[in-house]
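The lines below spell out each chain.
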Amino acid sequence: MGAAAEMLGVSPAFLRALGAAKLIEPKRSSGGHRRYSRYQLRLAARARELVDQGTPVEAACRIISLEDQLAEALRVNDARDRPAGEAAQP
């Protein structure tokens, strides 16, 4: 947790708050240390941006969750609307 917090420029308490809000749920090593995926670190970085702009942590987590749901819905719609065999656009 310390390394992830340092990398993001946040406190371990901030990462614990994101976990309490169910935004990120890190895996645990056999020694009990939290292990964050790259995706979780991106979510935490986005949360930090919102909090730095004055958004409360709980609201930032909800915003990120909604952004993630919207992105997934757009991906599903794009895949549905694309003719079979056509590659997705980057």
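The structure this text deals with has already been given above.
Below is a summary of the structure that appears in this document.

Criteria and cut-off values
- Residues numbered from 1 in each chain as written.
- Predicted model: local features only at pLDDT ≥ 70, side-chain atom pairs only at ≥ 80, totals over all residues.
- Heavy atoms only, no water.
- Helix = DSSP H or I, 4+ residues; strand = E, 2+ residues; numbered from the N terminus.
- Rg over C-alpha atoms; globule rule 2.2 N^0.38 Å.
- Core = buried A, V, L, I, M, F, W, Y, C linked by side-chain atoms within 4.5 Å.
- Buried < 20%, exposed > 50% of the residue type's maximum accessible area, 1.4 Å probe, protein only.
- Contact = heavy atoms within 4.5 Å.
- Polar contact = N/O pair within 3.5 Å; in protein donor to acceptor, adjacent residues only side chain to side chain.
- Salt bridge = Lys/Arg side-chain N within 4 Å of Asp/Glu carboxyl O.

1. Things to note about the overall build of the protein chain
Check the secondary structure of the protein chain and you find four helices and two strands. Order of helices (α) and strands (β) in the protein chain, N terminus to C terminus: α-α-β-β-α-α. Compactness check: the protein chain gives a C-alpha radius of gyration of 16 Å against a globular reference of 12 Å for 90 residues, more than 25% above the reference. Expressed along its principal axes, the backbone C-alpha trace of the protein chain runs to roughly 45 × 35 × 20 Å.

2. A look at the nonpolar core
Core analysis: the biggest nonpolar cluster contains 20 residues, and L15, L18, L23, I24 and Y36 have the highest contact counts within it. Sort the elements by how many residues they give to this core and helix α3 (residues 38-52) lands first, with five residues. If near-sequence neighbours (up to four positions away) are discounted, L18 is found in contact with L23, I24, A44, A47, V57 and C61.

3. A few points about the side chain of Q40
Among the secondary structure elements, Q40 is positioned in helix α3. Given a relative accessible area of 13%, Q40 falls into the buried group. From its side chain, Q40 meets the backbone oxygen of E25 in a polar contact 3.0 Å long. Ignoring anything within four residues of it in the chain, the contact list for Q40 reads I24, E25, P26 and R35.

4. Considering the pattern of salt bridges
Across all of its chains, the model carries six salt bridges by this definition. One salt bridge connects R46 with E67, and the closest N-O pair in it is separated by 2.7 Å. Here R46, found in helix α3, pairs with E67, found in helix α4 (residues 57-81); they are 21 residues apart in sequence, far enough to count as distant. One salt bridge in this structure joins R82 and D78, with 2.8 Å as the shortest N-O distance. Residues joined by salt bridges that share partners form a network here, namely R46, E49 and E67.

5. Section: unusual backbone geometry
Despite not being glycine, K22 shows a phi value in the positive range, around 65°. With respect to the helices and strands, the residue K22 is situated in the loop between α2 (12-20) and β1 (27-28). When its relative accessible area of 61% is taken as the criterion, K22 is described as exposed.

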